[in-house]
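# Architecture and fold: a report
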Amino acid sequence: MKPRAQLTRILAWTLKGQAEPVAFAEPNPEPTVERTAEVLSGRRGFDDRERAALLRSPAARDRLRFLAEVRRAEQILQWKESAADDGLMLQAAAGGPIEPVTLSNQDFTLTLLPLDPAGQEWMLHLRLAARLVAGFAGSPLRVRDEQGATWLQGSPDADGELSAPWLLGGSPVDRLATSRLVIEPA
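Computed from a predicted structure; not experimentally measured.

The next thing to look at is the overall build of the chain. In terms of helices and strands, the chain carries six helices and eight strands. Starting at the N terminus and walking to the C terminus, you meet the elements of the chain as α-α-α-α-β-β-β-β-α-β-β-β-α-β. Out of the 186 residues belonging to the chain, those deemed buried represent 36%. Counting contacts in the chain only where the partners sit at least 6 residues apart, residues at least 24 apart contribute 51% of the total. About 11500 Å² of surface is accessible on the chain, with carbon and sulfur atoms providing 57% of the total.

Another point: the pattern of salt bridges. Under the counting rule described, the total for this entry stands at nine salt bridges. Taken together, the shared-partner salt bridges connect Arg142, Arg144 and Glu184 into one network.

Strand order in the open sheet formed by four strands is β2-β3-β4-β7, with antiparallel pairing between adjacent strands. At either margin of the open sheet sits one strand with a lone partner, and together these are β2 (101–104) and β7 (161–165). With direction set aside, neighbouring strand axes in the sheet form an average angle of 15°. Examined bridge by bridge, strand β3 (residues 108–114) and strand β4 (residues 122–128) share seven bridges and lie antiparallel to one another. Following the sheet pairing, Leu110 is matched in β4 by Leu126.

Axis separation between helix α2 (residues 33–40) and helix α4 (residues 58–82) bottoms out at 10 Å; the angle between their running directions is 55°. Judged on the interaxial angle alone, α4 and α2 are oblique. Both α2 and α4 take part in a crossing whose hand is right-handed. Residues Val33, Thr36 and Leu40 of α2 lie in contact with α4, whose contacting residues are Arg63, Leu64, Leu67, Ala68 and Arg71. Of the residues belonging to the contact of α2 with α4, the class tally is five nonpolar, one polar and two charged.

We now examine helix α3 (residues 48–56). Restricting attention to buried positions, one finds in α3 the residues Glu50, Ala53 and Leu54. Along the axis of α3, the buried positions cluster into a sector of 100°, meaning they face one direction only. Exposed residues on α3 whose side chains face more than 90 degrees from its buried face are Asp48 and Leu55. In the core, the buried residues of α3 are packed alongside α2 and α4.

The terminal C-alpha atoms of α4, which comprises 25 residues, lie 36 Å apart, in line with the 36 Å expected from a rise of 1.5 Å per residue. Within α4 the residues assigned to the buried category are Pro58, Ala60, Arg61, Leu67, Gln75, Trp79 and Ser82. Within two residues after α4, Ala83 carries a phi angle of roughly 55°, on the positive side.

This paragraph deals with the pairing of strand β8 (residues 181–185). Buried residues dominate β8, accounting for five of its five residues. Alignment of strand β5 (residues 141–145) against β8, held across five bridges, turns out to be antiparallel. Paired with Arg142 across the bridge in β8 is Glu184.

What follows deals with the packing of aromatic side chains. The geometry of an aromatic ring pair is captured by the separation of the ring centres together with the interplanar angle, meaning the angle of the planes. The tally for this structure, following the rule as stated, stands at one aromatic pair. Residues Trp151 and Trp166 carry aromatic rings whose centres are separated by 4.7 Å and whose planes lie at 75° to one another, so their mutual orientation is edge-to-face. Within this pair, whereas Trp151 is found in strand β6 (residues 150–154), its partner Trp166 is found in the loop between β7 and α6 (172–176), the two being separated by 15 residues in sequence. Neither residue differs from the other here; Trp151 and Trp166 are each classed as buried.

This part is about the side chain of Asp116. With respect to the helices, strands and loops of the structure, Asp116 is situated in the loop between β3 and β4. As a buried residue without a salt bridge, Asp116 has its nearest oppositely charged side chain in Arg175, at a separation of 15 Å. From its side chain, Asp116 meets the backbone nitrogen of Gln120 in a polar contact 2.9 Å long.

Rules and cut-offs
- Residues numbered from 1 in each chain as written.
- Predicted model: local features only at pLDDT ≥ 70, side-chain atom pairs only at ≥ 80, totals over all residues.
- Heavy atoms only, no water.
- Helix = DSSP H or I, 4+ residues; strand = E, 2+ residues; numbered from the N terminus.
- Buried < 20%, exposed > 50% of the residue type's maximum accessible area, 1.4 Å probe, protein only.
- Contact = heavy atoms within 4.5 Å.
- Areas by Shrake-Rupley, 256 points an atom, 1.4 Å probe, with all protein chains shown as cover.
- Salt bridge = Lys/Arg side-chain N within 4 Å of Asp/Glu carboxyl O.
- Pairing = 2+ DSSP bridges.
- Axes fitted to C-alpha atoms, helices over the stretch in contact; angles between N-to-C directions.
- Parallel < 35°, antiparallel > 145°, perpendicular 65-115°, else oblique.
- Left-handed = near helix turned anticlockwise from the far one by under 90°.
- Nonpolar A, V, L, I, M, F, W, Y, C, P; charged D, E, K, R; others polar.
- Arc of directions from axis to C-beta.
- Expected span 1.5 Å × (residues − 1).
- Phe/Tyr/Trp six-rings, centres within 6.5 Å; stacked < 30°, edge-to-face > 60°.
- Lys, Arg positive; Asp, Glu negative; His and termini not counted.
- Polar contact = N/O pair within 3.5 Å; in protein donor to acceptor, adjacent residues only side chain to side chain.

Below, the structure is given as structure tokens:
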């Protein structure tokens with residue numbers, strides 16, 4: 001197990017058993033629903049007092065979790081309403097294992113860039129079509145194959161771009177020969 005995942009599990013277990021705090025003379029204010037929605041949209045982060053309130057209060061964390069799920073449901077609905085073409089497939093004329101490979105449709109372009117001559121290290125770069133940038137920049141997206149392996153995950157920047165290194169085993173080009181990619185809200 002990776003150290004970060006193990007630390008997250010330990011922290012979740014510790015916080016799960018935490019009781020509501022006793023009221024202090026000057027408590028840190030719990031973030032309001034509007035403030036939490038602003039944070040979830042990516043416009044601003046929580047300040048130190050709000051973070052302290054979230055750490056102290058299971059009810060505040062539950063409200064944050066609920067609002068995050070509501071936001072995700074709204075994004076999925078918006079995604080479906082946009083009728084974005086969410087599938088990418090390797091075309092027969094695409095490059096070889098040590099050349100850049102580009103997969104695209106009318107809504108997305110995914111470029112696989114080899115970082116070494118042997119094709120052992122790759123960088124993945126996703127670009128959203130201009131019509132999707134306003135609605136999905138800053139919203140978490142995931143690129144996965146049909147077997148469920150996540151290739152790329154994160155929030156596109158204001159230009160509608162997202163990049164990350166290839167972390168799965170083997171070559172992405174080899175995986176593309178047997179699988180289609182799907183782009184979805186994360």
